[in-house]
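Report on the structure
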Amino acid sequence: DQQVKQNSPSLSVQEGRISILNCDYTNSMFDYFLWYKKYPAEGPTFLISISSIKDKNEDGRFTVFLNKSAKHLSLHIVPSQPGDSAVYFCAASRKNTGNQFYFGTGTSLTVIP
Amino acid sequence: EAQVTQNPRYLITVTGKKLTVTCSQNMNHEYMSWYRQDPGLGLRQIYYSMNVEVTDKGDVPEGYKVSRKEKRNFPLILESPSPNQTSLYFCASGPPARREWGYTFGSGTRLTVV
């Protein structure tokens, strides 16, 4: 059973606009949430994380929002650039599970120049 | 350069022929892990290792073995591969006490079992 879900397989956005990628989870015991970015023929690369004690974390153009009551997190990219075109995975982890991360199925973002 | 190196990148094999996918990291990370990525299923953990000689099962360990004799290496062994193990495999490493830093992933191994 998928504990982390990304319901939008793909998203297209114009360059310069905001990209919003969404992720839902089912396990209220998750205490860290991460976003990874993946280009074709490469492994995922870490982008940004957020602890469950926070509701927002920002790093440059990337901001992650966490809504614990809705079990929902989102990644905002502002402004979007063509180089942001990639597959984005959200992942969640909880304590005492061997550092295991549960991944969503990914959202393919295309930023149109 | 800090990296996780997997070999081979591509592998086609036949059912039942034992194979090993190697993984090596140069960051002195205690934690290493193997994932497989399948369409519609995301990345699923196969096995992980918290340190040398310490390994444990992830979500989908059936048909796989691992070993951790040295800190830098974490090979994935398929003793008798079957077609349902056709997948894209990733090795990852990271510091176990800092989950918020994420993991460093290798570039992947695309395995086809015919």
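Just above sits the structure.
Quantities reported herein were computed from a predicted structural model and do not represent experimental measurements. (Residues numbered from 1 in each chain as written. Chains lettered and ligands numbered in written order. Predicted model: local features only at pLDDT ≥ 70, side-chain atom pairs only at ≥ 80, totals over all residues. Heavy atoms only, no water.)

**Remarks on the overall build of chain B**
Helices and strands together make up the secondary structure of chain B, namely 0 helices and 11 strands. In terms of C-alpha radius of gyration, chain B reaches 13 Å, essentially the compact-globule figure of 13 Å for 114 residues. Over its C-alpha atoms, taken along the principal directions, chain B stretches across nearly 40 × 30 × 25 Å. Burial analysis of chain B (114 residues in total) assigns 51% to the buried set. (Helix = DSSP H or I, 4+ residues; strand = E, 2+ residues; numbered from the N terminus. Rg over C-alpha atoms; globule rule 2.2 N^0.38 Å. Buried < 20%, exposed > 50% of the residue type's maximum accessible area, 1.4 Å probe, protein only.)

**Here we look at the state of the cysteines**
Residues and elements named next belong to chain B. In the structure shown here, the tally under the stated rule is 2 disulfides over all chains. For C23, the disulfide goes to C91, at an S-S distance of 1.9 Å. Disulfide C23-C91: the torsion about the S-S bond is -75 degrees, which places it as left-handed. Of the two residues, C23 is situated in strand β3 (residues 19-25) and C91 in strand β9 (residues 87-94); the sequence distance between them amounts to 68 residues. C91 shares its class with C23; the two are buried. (Disulfide = S-S within 2.5 Å.)

**Section: the packing of aromatic side chains**
Under the defined criterion, the tally for this structure stands at 15 aromatic pairs over all chains. Judged by centre distance (6.0 Å) and plane angle (75 degrees), the rings of Y36(A) and F46(A) are edge-to-face. Residue Y36(A) is located in strand β4 (residues 32-38), and its partner F46(A) is located in strand β5 (residues 45-51); the two are separated by 10 residues in the primary sequence. You can call Y36(A) buried: its relative accessible area is 0%. With 5.2 Å between their ring centres and 90 degrees between their planes, F101(A) and Y103(B) make a pair best called edge-to-face. Here F101(A), found in strand β10 (residues 101-103), pairs with Y103(B), found in the loop between β9 and β10 (104-105), and the two come from separate chains. On the accessibility criterion, F101(A) (1% relative accessible area) is buried. One cation-aromatic arrangement involves R68(B) over F74(B); the distance from NZ or CZ to the ring centre is 6.0 Å. (Phe/Tyr/Trp six-rings, centres within 6.5 Å; stacked < 30°, edge-to-face > 60°. Lys NZ or Arg CZ within 6 Å of the ring centre and 35° of its normal.)

**Here we look at the interface of chain A and chain B**
How big an interface is tends to be reported as the loss of accessible area on association of its parts. Between chain A and chain B, the contact holds 25 residues from the first and 23 residues from the second. Between chain A and chain B the total buried area reaches about 1,900 Å² when both faces are included, carbon and sulfur atoms providing 52% of it. Our count for the contact surface shared by chain A and chain B stands at 4 residue pairs in polar contact (both at pLDDT 80 or more). Secondary-structure elements contributing two or more residues to the side of chain A that touches chain B are β4, β5, β9 (86-93) and β10 of chain A. If one sorts the elements of the side of chain A that touches chain B by residue count, β4(A) sits on top with 4 residues. Across the side of chain A that touches chain B, the residue classes tally to 10 nonpolar, 10 polar and 5 charged. (Contact = heavy atoms within 4.5 Å. Buried area = accessible area lost by both parts, 1.4 Å probe. Polar contact = N/O pair within 3.5 Å; in protein donor to acceptor, adjacent residues only side chain to side chain. Nonpolar A, V, L, I, M, F, W, Y, C, P; charged D, E, K, R; others polar.)

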